Amino acid sequence: MGTGINKLICGNWKMHHDHLQAVSTLQALSLRLQAANLSKVEVVVHPPFVDLRSCQTVIEDRHIPVLLGAQNCHSEDSGAYTGEVSPAMLARLAVSYVIVGHSERRRLFHESDADIAAKVPAVLRYGMTPIVCVGEDEQERDAGRTMERLESQVSISLSKVKKVGIPSVVFAYEPLWAIGSGNPATTEDALVARDTIARAVARASRGVAVEKGSGTRVLYGGSVVPENAADFVKKGGMDGLLVGGASLSPESFAAIVEAVAAVS
Ligand code: 13P
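In this text the structure is predicted, and so the values were computed from the model without any measurement.

**Some details on the packing of aromatic side chains**
Point 1. Here the structure, examined in full by the defined rule, presents 2 aromatic pairs.
Point 2. Centroid distance Tyr173 to Tyr220: 6.2 Å. Interplanar angle 55°. Geometry classified as tilted. With Tyr173 in strand β6 (residues 170–173) and Tyr220 in strand β7 (residues 218–220), this pair connects stretches of sequence that are 47 residues apart. For the residue pair Tyr173 and Tyr220, the accessibility class agrees, reading buried in each case.
Point 3. Ring centres of Tyr220 and Phe232 lie 4.0 Å apart, and the angle between their planes is 15°; this geometry places the pair in the stacked category. Of the two residues, Tyr220 sits in strand β7 while Phe232 sits in helix α10 (residues 226–234), which places them 12 residues apart along the sequence. Each member of the pair, Tyr220 together with Phe232, is buried.

Structural data, given as structure tokens:
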């Protein structure tokens, strides 16, 4: 954390934008991204699976300086898993980042800790970077159990990762009560979460000599908008952001990138 590497700004489009809308959004975004900012900030979009091939093509053909991400994947390379998409398939589409264990997947699709623990090494095996989402719900927050919840989610998600792979895993602190609510965490909350996640990662990687400058990256997600984006990086000590609603519009997503670049 605070390693001096580029900040990471990810747009999770969730179940929005068909492939035609995705392509036009990417084109509009590329017109708004400033080259100078992109030396400080890495920009990733996570469209729905069915958009990935079209997005890959337009990014390559038009040299759009945006990386491709996925919102989920299965842990197996192939098999009788109707409706699922494997990490091998994502890697073939030049996907760089895969969100793992988003709270909507945990809550609405009953994804278990064991599922998440299996997905993280599967993503790493294909040279992609997992972005593991962790965060407490409102009840846990009110009961003062945030740290305990984060520690357990981090430690389970790393339980099947080889120790040398641990520094490559990105974490996103996304408190459930902040997602889509217009009620973001405070920068103080972010600082506490960042330290808690860092400690849990350090515990999981005990015995591994972590090279200087290769520390774990922690993102913040939950009601990020252009007006609060910079503070999470500057005051909240975050290495970047995982943006939902505000990443759907090229204008607001580019404004978030610009705001973070200005303080990086
Ligand atoms: P919002 O930015 O819409 O609150 O969503 C956050 C999120 O869930 C990103 O993964």
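**Notes on the sheet that holds strand β4 (residues 95–100)**
Adjacent strands of a sheet form backbone hydrogen bonds with each other and so pair up, either parallel or antiparallel.
Point 1. The 8 strands are arranged β1-β2-β3-β4-β5-β6-β7-β8 in a closed barrel whose pairing can be described as parallel. When strand polarity is set aside, the average angle formed by the axes of neighbouring strands in this sheet is 25°.
Point 2. The sheet contact formed by strand β5 (residues 129–134) and β6 spans 4 bridges and is parallel. Across the sheet, residue Cys133 finds its bridge partner in β6, namely Ala172.

Rules of the game
Residues numbered from 1 in each chain as written. Predicted model: local features only at pLDDT ≥ 70, side-chain atom pairs only at ≥ 80, totals over all residues. Heavy atoms only, no water. Phe/Tyr/Trp six-rings, centres within 6.5 Å; stacked < 30°, edge-to-face > 60°. Helix = DSSP H or I, 4+ residues; strand = E, 2+ residues; numbered from the N terminus. Buried < 20%, exposed > 50% of the residue type's maximum accessible area, 1.4 Å probe, protein only. Pairing = 2+ DSSP bridges. Axes fitted to C-alpha atoms, helices over the stretch in contact; angles between N-to-C directions.

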